[in-house]
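Spelled out, the chains give:
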Amino acid sequence: NLIDHESRLLVLDSSIGARDPIEFGVFGILNPPMALTGVLTYRVSSPIVLTAARLLVVTAGSAGTLSIDIEYKRGADPWASILTGAITAGFASGNYFLTSGVLAVTSLLAGDLLRLNINGVQTTMADFLAYLENTAA
């Protein structure tokens with residue numbers, strides 16, 4: 001069947017290299033609200049290019065702001081943020097609020113480490129996801 005053959009090839013070509021996002025899921029109420037470093041860690045298994053950093057607040061709190069940072073470490077180098085600034089979400093944004101951060105680092109190598117830091121949380125909030133969309137390098 002050659003009908004729409006070229007358009008089907010374009011769809012297939014655009015999906016090559018697409019990967020599942022790297023996901024940091026934090027579930028439950030953080031009580032008392034506090035800053036936490038290295039809440040979750042991920043090891044990069046093959047070279048990737050980061051295309052987006054996103055934060056999804058599943059259950060919003062009653063006050064305050066959720067603030068996160070994602071850092072990377074390569075070999076003996078110190079931890080450094082992959083973002084130009086923290087990703088934040090205020091409680092008034094409500095449940096299932098999705099926001100994005102600005103990437104400062106986009107290329108990661110096999111063996112690089114990533115970690116999620118929580119700088120502040122909403123009062124009584126529960127469940128949020130931070131994730132990095134990426135493609136194969």
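See the structure shown above.
A quick note: this is a predicted structure, and the numbers were derived from the prediction, not measured. (Residues numbered from 1 in each chain as written. Predicted model: local features only at pLDDT ≥ 70, side-chain atom pairs only at ≥ 80, totals over all residues. Heavy atoms only, no water.)

In this section: unusual backbone geometry. Even without being a glycine, Tyr-96 presents a positive backbone phi close to 55 degrees. On the basis of relative accessible area, Tyr-96 is assigned to the exposed category, the value being 61%. Positive phi values are uncommon outside glycine, yet Asp-127 reaches one of about 70 degrees. Locating Asp-127 in the fold gives a position in strand E10 (residues 126–136). Overall, the relative accessible area of 22% leaves Asp-127 in the partly exposed class. (Buried < 20%, exposed > 50% of the residue type's maximum accessible area, 1.4 Å probe, protein only. Helix = DSSP H or I, 4+ residues; strand = E, 2+ residues; numbered from the N terminus.)

Okay, the pairing of strand E3 (residues 48–59) next. Direction of pairing for E3 relative to strand E8 (residues 107–108): antiparallel, over a ladder of 2 bridges. Counterpart to Val-49 in the pairing with E8 is Ser-107. Of the pairings in the sheet, the one linking E3 to E10 comprises 10 bridges and is antiparallel in character. Bridging across to E10, Leu-55 finds its partner in Ala-130. Two strands pair when backbone bridges link them, and E3 and strand E7 (residues 97–101) are joined in this way by 5 bridges, in the antiparallel orientation. For Arg-54, the partnering residue across the bridge sits in E7 and is Ser-100. (Pairing = 2+ DSSP bridges.)

A few words now on the environment of Leu-56. Counting through the fold element by element, Leu-56 comes out in strand E3. Remark: the alpha-carbon pair of Leu-56 and Ala-130, spanning 74 residues in sequence, is separated by 6.3 Å. In this structure, Leu-56 is in contact with Tyr-96, Phe-97, Leu-98, Phe-128 and Leu-129, ignoring residues within four places of it in sequence. (Contact = heavy atoms within 4.5 Å.)

Moving on: the environment of Glu-133. Summarising the element assignment, Glu-133 is placed in strand E10. The class of Glu-133 is partly exposed, set by a relative accessible area of 27%. Contact partners of Glu-133, with chain neighbours within four places excluded, come to Pro-21, Val-49, Leu-50, Thr-51, Ala-52 and Arg-54.

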